[in-house]
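# Structural features, examined
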Amino acid sequence: MTGPLAQEMRQLLTAALEPTQLDIINDSASHSGHMGDDGSGESHFTIVIESAKFAGVSRLQRQRMVNGALGDIPGERVHAIAIKARAPGE
């Protein structure tokens, strides 16, 4: 089951980056009781995203594009997000 925050992230990333692949993995259970665990069950995520918009763009800029698309979610509403971003064919 995907929680409301994961669904919101999927909508935001799809609208901004038109991904050809998008996996949002909730890692919160493995961080239960650790720093940043707010008890919501949606505090830690891994995002695996492939988009043509990443072609010719540095790894750092890709991270910024994903974080920018997510608005206030990183650091405000989610404690940690790991991002694996690639262009098609990479």
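Since the structure is predicted, the reported quantities are computational estimates derived from the model, not experimental observations. (Residues numbered from 1 in each chain as written. Predicted model: local features only at pLDDT ≥ 70, side-chain atom pairs only at ≥ 80, totals over all residues. Heavy atoms only, no water.)

A word on helix α2 (residues 59-70). With 12 residues, α2 should reach 16 Å at 1.5 Å per residue; the first-to-last C-alpha distance of 17 Å fits that figure. Arg62, Val66, Ala69 and Leu70 are the residues of α2 that are buried. The buried residues of α2 occupy an angular sector of 105° when the element is viewed end-on, so they sit on one face. Of the exposed residues in α2, those oriented more than 90 degrees away from the buried face are Arg64 and Gly68. As for α2, its buried residues are in contact with α1 (4-17), β2 (44-50), α3 (73-77) and β3 (80-86). Just beyond α2, the residue with positive phi is Gly71, at close to 60°. (Helix = DSSP H or I, 4+ residues; strand = E, 2+ residues; numbered from the N terminus. Expected span 1.5 Å × (residues − 1). Buried < 20%, exposed > 50% of the residue type's maximum accessible area, 1.4 Å probe, protein only. Arc of directions from axis to C-beta. Contact = heavy atoms within 4.5 Å.)

Among the structural elements, Arg62 can be located in helix α2. Apart from residues no more than four positions distant in its own chain, Arg62 is found in contact with Phe54, Val57, Ala85, Arg86, Ala87 and Glu90.

Judged by nonpolar contacts, the single largest core of 19 residues is most densely connected at Leu13, Ile24, Ile47, Ile49 and Val66. For this core, the secondary structure elements donating two or more residues are α1, β1 (21-26), β2, α2 and β3. With five residues, the single largest contributor to this core is α1. When near neighbours in sequence (up to four residues on either side) are disregarded, Val66 contacts Leu13, Leu17, Ile47, Ile49, Phe54 and Ile83. (Core = buried A, V, L, I, M, F, W, Y, C linked by side-chain atoms within 4.5 Å.)

What follows is about the sheet that holds β2. The three strands lie next to each other as β1-β2-β3, forming an open sheet whose pairing is mixed. Pairing within the sheet leaves two strands with one partner each, and these edge strands are β1 and β3. Ignoring strand direction, the axes of neighbouring strands in this sheet form an average angle of 10°. Both β2 and β3 contribute to a ladder of seven bridges, which runs parallel. Considered in β3, the bridge of Thr46 is made with Ala82. (Pairing = 2+ DSSP bridges. Axes fitted to C-alpha atoms, helices over the stretch in contact; angles between N-to-C directions.)

Read these as geometric descriptors, not functional statements.
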